Amino acid sequence: MKLRILKSAVTNPWFNLATEDWIFNTLNPDSHTLFLWRNSETVVIGRSQNPWVECKIDKMEADEVFLARRQSGGGAVFHDLGNTNFTFLSPKDDYDQEANFTIIINALKKFGIDAELSGRNDMQVGDKKISGSAFKHAADRSFHHGTLLVNANMQKLGDYLNPHPLKLKAKGIKSVRSRVANLKEFNEDINHETLSEAIIEAFCEYYGDTTPVEELDEASLAKQPNLNKYYQQMADWDWRFGKTPQFSHHIETRFDWGIIDLHMDVQQAVITDAVIFSDALNVELIELLKETLTDIKYNRSEVKAKLDELAKVHTELAAQVDDVSEWLLNEMEV
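Described in the following lines is the structure provided in the data block. (Residues numbered from 1 in each chain as written. Predicted model: local features only at pLDDT ≥ 70, side-chain atom pairs only at ≥ 80, totals over all residues. Heavy atoms only, no water.)

## Here we look at the overall build of the protein chain
So, point 1. Secondary structure summary: the protein chain contains 13 helices and 15 strands in total.
So, point 2. Its C-alpha atoms give the protein chain a radius of gyration of 21 Å, near enough to 20 Å, the size a compact globule of 334 residues would have.
So, point 3. Contacts in the protein chain between residues at least 24 apart in sequence constitute 72% of all its contacts with a sequence separation of at least 6.
So, point 4. As displayed, the protein chain offers around 15,500 Å² of accessible surface, 46% of which is attributable to carbon and sulfur atoms.
So, point 5. A distance of 2 Å separates the average location of the 36 positive side-chain charges in the protein chain from that of its 53 negative side-chain charges. (Helix = DSSP H or I, 4+ residues; strand = E, 2+ residues; numbered from the N terminus. Rg over C-alpha atoms; globule rule 2.2 N^0.38 Å. Contact = heavy atoms within 4.5 Å. Areas by Shrake-Rupley, 256 points an atom, 1.4 Å probe, with all protein chains shown as cover. Lys, Arg positive; Asp, Glu negative; His and termini not counted. Charge placed at Lys NZ, Arg CZ, Asp CG, Glu CD.)

And the structure:
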């Protein structure tokens, strides 16, 4: 299996997320790819999230902080130049999420930092979170991307994010800042450049091979025919904020796999529009729920029948679909 290593010197988040999509959609199917990058001050939200709920939009605009929406699921995070972001892209048949985490953990060991996986998508040192991840899968390829807190401004973490009250209640915490730590606290010599070098070294060691590092910048990528299209999407207001319909029925809850914030527009007893905001890691689940709940009659029997059918077709999602079905049927007003 070939290796490919790319590193971006650009700190515009729309550019870097567009670069991710460009790499993902043009990925050589016989290669493992590592992409390293960092952003100027940015709040990055998951594909299914509501920016007005997750972010302090007015303050961000006043302070000229970017808002970016990624293609993958998960929750909102704050990026600045004190974050090192990593992306692993692999053919789906050879995708190994555990291997990706192992590479990052091995890289941190080079600084005498003992990190460990926490849950399905976080890494921590002791009881402090130092990294979060999100994931995206297509028919023949997958990617895993995440951020490492190196020397991030922890004050701004709280300035621009609105932690969801359901999530805070469920986790029993009082603030975001109490749960996280910078890697600088464990080794003063670590920075973006030294950490990037360690990750590259650990990546090559894990796969037993080497390859030259490709340095990416705007000039070199401007020649790629699809990159500008991805950049325009990332920068577009409609992608980042979306259109907010006049919701007739709004309910939300938290399952152990994520928050579901459901808005249904009902006209003439038909659900004409279903919008779901969520921090669930599985974007496919959210998209399928939206499709299933759109253009059906607003009654319990039809909703139950459609969701039961969805669970049968997508057995891997059956547990989550059943959770949503039971909750929604209890909440429906007619």
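## Brief notes about unusual backbone geometry
Trans peptide bonds make up most of the peptide bonds, and negative phi angles are found at most residues other than glycine.
So, point 1. In this structure, Glu64 takes a positive phi of about 55 degrees despite not being glycine.
So, point 2. As for its placement among the helices and strands, Glu64 is situated in the loop between helix H3 (57-62) and strand E4 (66-69).
So, point 3. By relative accessible area, Glu64 is classed as exposed at 70%.
So, point 4. Backbone geometry places Asp295, a non-glycine residue, at a positive phi of 65 degrees.
So, point 5. Among the secondary structure elements, Asp295 is positioned in the loop between helix H11 (283-293) and strand E15 (296-297). (Buried < 20%, exposed > 50% of the residue type's maximum accessible area, 1.4 Å probe, protein only.)

## Let's talk about the sheet that holds strand E6 (residues 83-91)
So, point 1. Spatially, the eight strands line up as an open sheet ordered E7-E8-E9-E10-E6-E2-E1-E11, and their pairing is mixed. The sheet is open, and its two edges are formed by strand E7 (116-118) and strand E11 (213-216), each paired on a single side. The mean angle between the axes of side-by-side strands here comes to 25 degrees, regardless of whether they run parallel or antiparallel.
So, point 2. As paired strands, strand E9 (residues 128-137) and strand E10 (residues 141-149) are joined by seven bridges and run antiparallel to one another. Opposite Gly132, over in E10, you have Thr147 as the bridge partner.
So, point 3. Each of E6, E7, strand E8 (122-125), E9 and E10 is contacted by helix H4 (residues 97-109), which is oriented at about 30 degrees to E10, the strand it contacts most. (Pairing = 2+ DSSP bridges. Axes fitted to C-alpha atoms, helices over the stretch in contact; angles between N-to-C directions.)

## Overview of the sheet that holds E4
Two modes of strand pairing occur in sheets, parallel and antiparallel, and in both the strands are linked by backbone hydrogen bonds.
So, point 1. Taken in spatial order, the three strands of this open sheet run E4-E3-E5, and their pairing is mixed. In this open sheet, the two edge strands, each paired with only one partner strand, are E4 and strand E5 (77-79). Within the sheet, the average angular offset between the axes of one strand and its neighbour, ignoring direction, is 25 degrees.
So, point 2. Across three bridges, strand E3 (residues 42-45) lies against E5 in antiparallel orientation. From the neighbouring strand, Val44 faces E5, where its bridge partner is Val77.

## Topic: the side chain of Asn187
So, point 1. One can find Asn187 in the loop between helix H6 (165-171) and helix H7 (192-207).
So, point 2. A relative accessible area of 17% means that Asn187 is categorised as buried.
So, point 3. Among the polar contacts listed, one links the side chain of Asn187 to the backbone nitrogen of Asp189, at a separation of 2.8 Å.
So, point 4. Every residue in contact with Asn187, bar those within four places of it in the chain, is listed here: Phe111 and Ile113. (Polar contact = N/O pair within 3.5 Å; in protein donor to acceptor, adjacent residues only side chain to side chain.)

## Some words on helix H9 (residues 227-235)
So, point 1. All buried positions along H9 are accounted for by Leu227, Tyr230, Met234 and Ala235. Angular distribution of buried residues about the axis of H9 spans 130 degrees; they occupy a single face of the element. (Arc of directions from axis to C-beta.)

## As for the pattern of salt bridges
Where charged atoms of side chains with opposite charge meet at close range, the side chains can pair.
So, point 1. Applying the stated rule across the entire model yields twelve salt bridges.
So, point 2. Between Glu214 and Arg4 there is a salt bridge, with its nearest N and O atoms 3.1 Å apart. A residue pair is termed long-range when its members are at least 10 positions apart, and Glu214 in strand E11 and Arg4 in strand E1 (residues 2-8) qualify at 210 residues.
So, point 3. What makes Glu214 partly exposed here is its relative accessible area of 32%.
So, point 4. As a salt-bridge pair, Lys136 and Asp21 come within 4.0 Å of each other at their nearest N and O atoms. Here Lys136 is found in strand E9, whereas its partner Asp21 is found in helix H1 (residues 13-25), with 115 residues between them in sequence. (Salt bridge = Lys/Arg side-chain N within 4 Å of Asp/Glu carboxyl O.)

## Observations concerning the packing of aromatic side chains
So, point 1. Inspection of the entire model under this criterion finds ten aromatic pairs.
So, point 2. Judged by centre distance (4.9 Å) and plane angle (10 degrees), the ring pair of Phe255 and Trp257 falls under stacked. As far as burial versus exposure is concerned, Phe255 and Trp257 are alike and both buried.
So, point 3. Measuring from ring centre to ring centre gives 6.1 Å for Phe255 and Trp327, while their planes differ by 85 degrees; the resulting arrangement is edge-to-face. Within this pair, whereas Phe255 is found in strand E12 (residues 249-255), its partner Trp327 is found in helix H13 (residues 318-331), the two being separated by 72 residues in sequence. As far as the burial class goes, Phe255 and Trp327 line up, both buried.
So, point 4. An aromatic cluster is built from Phe86, Phe88, Phe203, Tyr206 and Tyr207, whose rings are joined through pairwise contacts. (Phe/Tyr/Trp six-rings, centres within 6.5 Å; stacked < 30°, edge-to-face > 60°.)

## Details of the environment of Ser142
So, point 1. Relative to the helices and strands, Ser142 resides in strand E10.
So, point 2. Taking the relative accessible area as the measure of exposure, Ser142 reaches 0% and is therefore buried.
So, point 3. Put simply, Ser142 and Trp239 are 97 residues apart on the chain and 22 Å apart in space, counted from C-alpha to C-alpha.
So, point 4. The residues touching Ser142, leaving out its near neighbours within four places in the chain, are Phe24, Phe88, Leu89, Ser90, Lys92, Tyr95, Lys136 and His137.
So, point 5. Of note is the side chain of Ser142, whose polar atom sits 2.8 Å from the side chain of His137.

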